[in-house]
Amino acid sequence: MLIQIKRNTELEKIFKRLSLLPVERQMVFATFCAQVFYRNIEIRIEEVDFPKRIDLKEQLADLWDQLIKKKVTLSFDYQSMEDGMISLMDEIYSYPESIGKPNPVDSVFRSSVFAFISGFSFFLGRGDWKQLFFVVHDGVGGKVESLTTQKMGWESLSRDDYLQFPVFGQAVADLEWVLKKLELTPTSWLAEEEVRQIRDYSFICKTFVVNEIYYEE
């Protein structure tokens, strides 16, 4: 991916500002990222007709509840959760219906899994804003790839054109909206009403979600 060579500087600035905030507000931001990317996990599972029923929505709902109540109550082992999610990702990748099918949104799925993991990491004292930045950057870049692949334009896309693709601007705008709410609050914890506004927007935000299934028979 081009991400490893050059970064979208506006998106990177968002995360540098995030690093200056109290961890309680960083948790809100990380949960927003986990939520807006989550639909991609469902899409990938639907694409390959994965037989296991997987629903992680309740776990995300629990994070939002803790932010609203201003009390962290997670008690599970972070490493076990991380290993479990990566194992699930590998299992889906190796499922027979996945093998041999070119999929331009694989990086979006991968980023969505790691966005989910990062969401929990901030609650467990393991949050890393730089890691979250690369996860989000890679996911947005994957969506650019998927959109341009549909139009057969990916190979001819320059690095500058890639980084200036409208999806990056949309991602910056959405994350800027969240960050401004976090920066303006006078306390470590965000007010309940503000948390609910960010949560509700994360449910309908489509900027970080691939638009459709890309496999062709």
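To start, this report covers the structure provided alongside it.

Cut-offs and rules
Residues numbered from 1 in each chain as written. Predicted model: local features only at pLDDT ≥ 70, side-chain atom pairs only at ≥ 80, totals over all residues. Heavy atoms only, no water. Helix = DSSP H or I, 4+ residues; strand = E, 2+ residues; numbered from the N terminus. Contact = heavy atoms within 4.5 Å. Salt bridge = Lys/Arg side-chain N within 4 Å of Asp/Glu carboxyl O. Buried < 20%, exposed > 50% of the residue type's maximum accessible area, 1.4 Å probe, protein only.

Position of Val-195 among the secondary structure elements: in helix α9 (residues 192–204). Considered as a pair, Val-195 and Trp-64 are 131 residues apart in the sequence and their alpha carbons are 7.7 Å apart. The residues contacting Val-195, other than those within four sequence positions of it, are Trp-64, Leu-67, Ile-68 and Leu-190.

We now examine the pattern of salt bridges. By the definition in use, this model includes 12 salt bridges. Of the charged contacts, one joins Arg-39 and Glu-42 as a salt bridge, the two residues approaching to 3.1 Å between their closest N and O atoms. A residue pair is termed a helical-turn pair when its members lie 3 or 4 positions apart in one helix, as Arg-39 and Glu-42 do in helix α2 (residues 23–47) at three residues. Relative accessible area serves as the criterion here: at 31%, Arg-39 is assigned to the partly exposed category. Looking at Glu-42, the relative accessible area reads 18%, which means it is buried. Residues Glu-176 and Lys-180 are paired through a salt bridge, measuring 3.8 Å at the closest nitrogen-oxygen approach. Separated by four residues within a single helix, Glu-176 and Lys-180 lie in helix α8 (residues 166–184), roughly one turn from each other. Its relative accessible area of 46% is what places Lys-180 among the partly exposed residues. The network of salt bridges with common partners includes Arg-17, Glu-176, Lys-180 and Glu-183.

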